[in-house]
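The residues making up each chain are set out below.
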Amino acid sequence: MLSNFDFGVILTSLPYLFGQGMVFTLSLTVMAAVGGTVIGTLIALARLSGIPGLWHLAKAYVELCRSVPFVLVIFWFYFLVPYIGAYAIGSKTPIQVGAFSSALITFTAFEAASFAEIMRAGIQSIPKGQTAAAQALGMTYWQTMTSVILPQAFRNMPPLLLTQKIILFQDTSLVYVLSLTDFMGAPSKIAQRDGRLVEMYLFAAVVYFTICFLASFLVRRLQGRFAVIR
Amino acid sequence: MTATPMPETAVTTPIADADHAPEDAGLRPGGLVYGAPAAAPGETMIAIDGISKWYGDFQVLTNCTTKVAKGEFVVVCGPSGSGKSTLIKCVNALEPFQKGQITVAGTKVIDKSTNLPKLRSRVGMVFQHFELFPHLSITDNLTIAQRKVLGRSAEDAKKRGLDLLARVGLSAHADKFPGQLSGGQQQRVAIARALAMNPVVMLFDEPTSALDPEMVGEVLDVMVELAKEGMTMMVVTHEMGFARKVADRVIFMDRGEIVEDARKEDFFGSPRSERAQTFLSKILQHRRYGDPIDTAALSQPSRIRILPMPSR
């Protein structure tokens with residue numbers, strides 16, 4: 001049965017698969033991860049701030065992102081936002097948002113929402129006395145956060161933090177719905193062209209698995225190194 | 001014990017040099033906030049004026065009033081839950097209070113025009129659980145606030161930090177992390193960290209309560225040194241032997257009220273209130289199971305002997 005398969009197609013399409021597909025996937029992952037971490041941290045701080053309007057807003061945002069299917073938002077953002085944007089600025093033609101930018105914004109926004117919850121737990125895990133000590137030394141809110149609380153919160157959570165990024169890496173395959181050439185889209189296009197669906201999807205699965213498995217392994221190895229001794 | 005004895009003869013930098021901080025022109029003659037009157041010697045450093053505090057419906061502090069003069073060593077004692085820790089945390093507004101006012105070196109704690117971080121930077125505080133920053137080395141613990149809050153250069157901050165680290169006998173540990181030190185050593189670093197900011201007042205919130213018994217002495221030694229150098233100190237502690245030896249005044253609290261506020265001789269000799277008498281007799285009874293106060297030993301700060309903790 002295997003004789004019906006032609007795995008040679010993988011070899012010939014490697015430059016395309018990795019040169020375009022993997023580069024796209026990795027850039028989207030890295031950019032969304034960085035953006036999501038920064039914005040997510042700010043959302044977490046807003047949620048913990050106790051300032052009435054601000055934390056309601058942050059909570060509402062996180063709840064919204066958790067309550068709608070992600071694929072729907074990717075679609076929605078890509079097809080609807082250009083028209084809404086055009087309406088908002090009074091333009092007759094839809095504003096141009098590139099497919100990559102559109103995907104990046106959507107992923108960053110979602111990553112920020114889920115990371116905000118991790119970060120919130122991370123910040124809350126730092127004893128209250130640390131804040132008191134920093135404030136007693138005359139530190140302002142931002143000095144306390146950036147010098148004392150956040151560095152400890154980040155070091156306490158590499159396992160969760162990095163696992164979240166591995167999930168993000170897998171989730172970027174959802175840009176498939178926008179027909180973008182990520183590492184899911186590239187094999188798919190070759191598969192359709194050459195009629196080699198099984199081979200290409202199998203290969204994509206193996207590569208995703210290998211990368212994620214190795215990354216998870218590294219996360220476990222790193223775990224011990226970062227933890228703060230108390 | 002890894003503590004090296006204090007270099008009694010080679011003292012170049014006094015621990016308490018609130019009077020010796022040339023780079024802090026903002027404090028004197030201007031007070032903690034620019035334009036505020038400076039505290040002259042003998043003047044009131046901390047004025048607690050009728051403060052009350054509630055957690056929801058529960059009143060934790062009731063109309064507390066007292067004063068701490070410059071250079072005075074005041075011990076705050078009382079049974080668990082009497083509000084003594086809460087009171088001391090009100091002094092630098094770590095705990096907000098709803099009624100009354102506290103004035104530190106001429107600066108009102110609850111006031112819109114008060115720059116609270118600046119006020120706190122001049123009020124040193126030492127916590128029960130040390131609260132060193134575990135992700136930073138000892139040196140960084142000593143310098144971070146000097147650099148970020150006082151704007152000192154990394155070099156100046158490090159010099160000041162290491163000077164104080166030497167004064168608490170821990171020079172060898174400069175590059176270690178807090179988790180590598182014993183409780184007593186961590187608390188001495190915490191005292192040095194607070195002193196690095198050139199505070200005008202030092203607050204201690206049960207500084208020895210979380211320590212193993214054999215480490216209590218080394219921390220109290222540092223505090224005695226500090227008192228000798230004229231630092232204004234307000235200390236919440238259960239170490240009554242230490243209070244009896246070192247304190248100028250004792251404030252006894254119970255159920256959120258200041259029940260007794262007396263000179264140490266009067267408080268230990270003839271406490272007026274029944275509640276203070278009960279409190280003291282419990283501690284004195286406790287002595288049957290431990291060493292009596294050895295006043296001869298107490299006169300030697302480096303060999304202070306401590307009463308066992310009162311049972312709770």
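Computed from a predicted structure; not experimentally measured.

Criteria and cut-off values
Residues numbered from 1 in each chain as written. Chains lettered and ligands numbered in written order. Predicted model: local features only at pLDDT ≥ 70, side-chain atom pairs only at ≥ 80, totals over all residues. Heavy atoms only, no water. Helix = DSSP H or I, 4+ residues; strand = E, 2+ residues; numbered from the N terminus. Buried < 20%, exposed > 50% of the residue type's maximum accessible area, 1.4 Å probe, protein only. Contact = heavy atoms within 4.5 Å. Areas by Shrake-Rupley, 256 points an atom, 1.4 Å probe, with all protein chains shown as cover. Pairing = 2+ DSSP bridges. Right-handed = clockwise from strand over helix to strand, strands pointing away. Patch = residues over 30% accessible without salt bridge, like charges linked within 9 Å, V, L, I, M, F, W, Y side chains within 5 Å. Salt bridge = Lys/Arg side-chain N within 4 Å of Asp/Glu carboxyl O.

**Section: the overall build of chain A**
Okay, step 1: Across its full length, chain A carries nine helices and zero strands.
Okay, step 2: The helix and strand sequence of chain A, counted from the amino end, reads α-α-α-α-α-α-α-α-α.
Okay, step 3: By principal-axis analysis of the C-alpha atoms, chain A measures approximately 70 × 55 × 25 Å.
Okay, step 4: For chain A, with 230 residues in total, the buried portion stands at 44%.
Okay, step 5: Considering only contacts within chain A whose residues lie at least 6 apart along the sequence, 78% involve residues at least 24 apart.
Okay, step 6: By element, 70% of the accessible surface of chain A is carried by carbon and sulfur atoms, the whole surface being about 12200 Å².

**Regarding the pairing of strand β8 (residues 232-236) of chain B**
Within a regular strand, the side chains alternate between the two sheet faces.
Residue and element names in this part refer to chain B.
Okay, step 1: A large share of β8 lies buried, amounting to five of its five residues.
Okay, step 2: Where strand β3 (residues 73-77) meets β8, four bridges bridge the pair, whose relative direction is parallel. Considered in β8, the bridge of Val 74 is made with Met 234.
Okay, step 3: Pairing analysis gives five bridges linking strand β7 (residues 201-205) to β8, with the strands arranged parallel. Residue Leu 203 lies in a different strand from β8, and its bridge partner there is Met 234.
Okay, step 4: On the question of chirality, the crossover connecting β7 to the parallel β8 by way of helix α6 (residues 213-228) is right-handed.

**Side note on helix α5 (residues 128-136) of chain A**
A turn of α-helix holds 3.6 residues, and therefore any two residues three or four places apart point the same way.
Okay, step 1: Where α5 of chain A is concerned, the buried positions are Gly 129, Gln 130, Ala 132, Ala 133, Ala 134 and Ala 136 of chain A.
Okay, step 2: Where α5 of chain A is buried, its residues meet α6 (141-156) of chain A together with α2 (116-121), β6 (123-126) and α5 (183-195) of chain B.
Okay, step 3: Gly 138 of chain A occupies a position one or two residues after α5 of chain A and carries a positive phi of about 95°.

**Examining unusual backbone geometry**
Okay, step 1: Phi is positive for Ser 179 of chain A, which is not a glycine, with a value near 55°.
Okay, step 2: On the secondary structure map, Ser 179 of chain A appears in the loop between α7 (158-171) and α8 (185-194).
Okay, step 3: For Ser 179 of chain A, a relative accessible area of 55% translates into the label exposed.
Okay, step 4: Here the phi dihedral of Asn 63 of chain B falls at roughly 45°; this positive angle occurs in a residue that is not glycine.

**Points about a nonpolar patch on the surface**
Residues and elements named next belong to chain A.
Okay, step 1: A cluster of nonpolar side chains, namely Val 30, Val 34, Val 38, Ile 39, Leu 42, Tyr 141 and Trp 142, defines an oily patch on the protein surface of about 680 Å² accessible area.
Okay, step 2: Sorting the residues of the nonpolar patch by element identifies α1 (8-49) and α6 as the ones contributing at least two each.
Okay, step 3: Take the nonpolar patch: its biggest share by element is five residues, from α1.
Okay, step 4: Accessibility expressed as a relative area gives 41% for Tyr 141, which makes it partly exposed.

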